[in-house]
Amino acid sequence: MPASSVPILKLPGGGCVPRLGQGTWRMGESARRRAEEVAALKLGLDLGMTLIDTAEMYGGGEAERIVAEAIEGRRDEVFIVSKVLPQNASRTGTVAACERSLKRLNTDRLDLYLLHWRGRYPLKETLAGFQSLLRDGLIRAWGMSNFDAGDMEELAALSGGDTVATNQVLYNLARRGIEADLIPWCRARAIPIMAYSPVEQGRIVRDRTLARVAARHGAAPAQVALAWLLRHEDMMVIPKATNGAHVRENRAALDLALSPADLAELDNAFPAPRGTRPLEML
Ligand SMILES: NC(=O)c1ccc[n+]([C@@H]2O[C@H](COP(=O)([O-])OP(=O)(O)OC[C@H]3O[C@@H](n4cnc5c(N)ncnc54)[C@H](OP(=O)(O)O)[C@@H]3O)[C@@H](O)[C@H]2O)c1
């Protein structure tokens, strides 16, 4: 068993989320890998990574069906996040998309529902859809994804816009742009960030500095990348893994404490941004 328990973060509107969860992008795309994907999610749940992030987009809805299979009989243990596609995010379209997701997930509510990225519908419309879902108990909280500081500012100015629970964005050692503006903006308003692609879709594990820091701790490079993010108590981190060894490794990142010397070495190899940059997304 891992030494630590998974730390919990309190969302602004109430509700508790484990800070280390599991992603599902690219799941549900191949029938051959389905059993492995379900098993990986179940293993992650057993290890306490009970936040599962999915979306109507992933596998054309098939990822949500895989989540349904993985959480069967244990819905109350799990914090489910799903996302509405921008092209569905009108007021009524948001409600209809959520209902479809609930059906695929075989559940009666989402713990958190996000707008996947900004599209053509005015934010006011999507917000009205979220508010209607909240009133009907179909979602417990709502948030945004891939919003830059300007988008967040615009949202906050809308009536009810300040009840946003999170902004899910690309953030890892190799993608530090949000440190210049979005992180300070969210911190000033106590809005937690959910960091996606935390191991840069697997690419970052080949980095030499990461390997050196990891070796000092007898850890794996991915654990260093995750520990670097997890040291922020106001962030949630959602690595995706279908390989069981990766799932275990990711969970054990919570037991890795990076030293000031480690952090300085990582800063040197992956410098913080010097000024603001456009938000990156995958
Ligand atoms: N809102 C958005 O627009 C958005 C965009 C991207 C992602 N997301 C969410 O964030 C989640 C995570 O991001 P992501 O899937 O893009 O990338 P990621 O979690 O950074 O990387 C996933 C890849 O890394 C590999 N991996 C995982 N753990 C590893 C480890 N310990 N050692 C070596 N390789 C490891 C996985 O391999 P195996 O699968 O073979 O284990 C997989 O190929 C997504 O699944 C999705 O839920 C949201």
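Located above this text is the structure these notes cover.
Enquirer: Lay out the overall build of the chain with the relevant residues and their values.
Expert: Counting its regular elements, the chain contains 10 helices and 9 strands. Against the compact-globule benchmark of 19 Å for 282 residues, the chain has a radius of gyration of 18 Å, which places it among compact chains. Its C-alpha atoms give the chain principal-axis dimensions of about 55 × 45 × 30 Å. Going through the 282 residues of the chain one by one, you find that 46% of them count as buried. Contacts in the chain between residues at least 24 apart in sequence constitute 78% of all its contacts with a sequence separation of at least 6.

Enquirer: Provide a residue-level description of the site of the ligand, including the pertinent values.
Expert: Residues in close proximity to the ligand total 29 residues, the closest being Gly23, Trp25, Gly202, Ala222 and Lys240. It is helix α9 (residues 244-252) that contributes the most residues to the shell around the ligand, 3 residues altogether. In the shell around the ligand, the residues fall into 12 nonpolar, 13 polar and 4 charged.

Enquirer: Give a detailed account of the nonpolar core, specifying residues and quantitative values.
Expert: The biggest cluster of nonpolar side chains holds 83 residues, and the ones touching the most others in it are Val67, Tyr113, Ala195, Val224, Ala225, Leu226 and Val237. In terms of residue count, the dominant contributor to this core is helix α8 (residues 221-230) (8 residues). When near neighbours in sequence (up to four residues on either side) are disregarded, Tyr113 contacts Ser82, Val84, Cys98, Phe130, Leu133, Ile139 and Trp142.

Enquirer: So what about helix α1 (residues 34-46)? Which residues, and what values?
Expert: Its 13 residues place the ends of α1 18 Å apart at the C-alpha level, agreeing with the 18 Å of an ideal helix rising 1.5 Å per residue. Every buried residue of α1 is accounted for by Glu37, Val38, Ala40, Leu41 and Gly44. Here the buried residues of α1 occupy an arc of 160° about the axis, which is enough to place them on one side. Buried residues in α1 make contact with β3 (51-53), α2 (62-70) and α9.

Enquirer: Quick one: what's the story with the packing of α1 against α2, residue by residue and with numbers?
Expert: Geometry of a packed helix pair, given as the angle between the helix axes and the separation of the axes. Where α1 meets α2, the axes come as close as 9 Å, and the angle between the chain directions of the two elements is 55°. Considering the angle they form, α1 stands oblique to α2. The hand of the α1/α2 crossing is right-handed. Of the residues in α2, those in contact with Arg34, Glu37, Val38, Leu41, Lys42 and Leu45 of α1 are Ile66, Val67, Glu69 and Ala70. A per-class count over the contact of α1 with α2 returns 6 nonpolar, no polar and 4 charged.

Enquirer: Explain the sheet that holds β3 to me, and be specific about the residues and the numbers.
Expert: Spatially, β3-β4-β5-β6-β7-β8-β9 is the arrangement adopted by the 7 strands of the open sheet, whose pairing is parallel. Two strands close off the open sheet at either side, each with one partner strand: β3 and β9 (235-237). Neighbouring strand axes in the sheet, compared pairwise and without regard to direction, differ in orientation by 25° on average. The sheet strands contacting helix α3 (residues 91-105) are β4 (79-84) and β5 (112-115), and the helix crosses β4 at an angle near 135°.

Enquirer: Please set out unusual backbone geometry residue by residue, giving values where relevant.
Expert: Most of the time, phi is negative for any residue but glycine, and the peptide bond is trans. At Arg26, a position not held by glycine, the phi torsion is positive, near 80°. Of the residues examined, Arg26 has 15 C-beta atoms within 10 Å and is grouped as partly exposed. For Ala190, which is not a glycine, the phi torsion comes out positive at approximately 55°. Here Ala190 shows up in the loop between α6 (182-188) and β8 (193-196). Judged by C-beta crowding, with 10 C-beta atoms within 10 Å, Ala190 ranks as exposed.

Reading the values: the criteria
- Residues numbered from 1 in each chain as written.
- Predicted model: local features only at pLDDT ≥ 70, side-chain atom pairs only at ≥ 80, totals over all residues.
- Helix = DSSP H or I, 4+ residues; strand = E, 2+ residues; numbered from the N terminus.
- Rg over C-alpha atoms; globule rule 2.2 N^0.38 Å.
- Buried ≥ 20, exposed ≤ 12 C-beta atoms within 10 Å, placed from the backbone.
- Contact = placed C-beta atoms within 7 Å.
- Near = placed C-beta within 6 Å.
- Nonpolar A, V, L, I, M, F, W, Y, C, P; charged D, E, K, R; others polar.
- Core = buried A, V, L, I, M, F, W, Y, C linked by C-beta atoms within 7 Å.
- Expected span 1.5 Å × (residues − 1).
- Arc of directions from axis to C-beta.
- Axes fitted to C-alpha atoms, helices over the stretch in contact; angles between N-to-C directions.
- Parallel < 35°, antiparallel > 145°, perpendicular 65-115°, else oblique.
- Left-handed = near helix turned anticlockwise from the far one by under 90°.
- Pairing = 2+ DSSP bridges.

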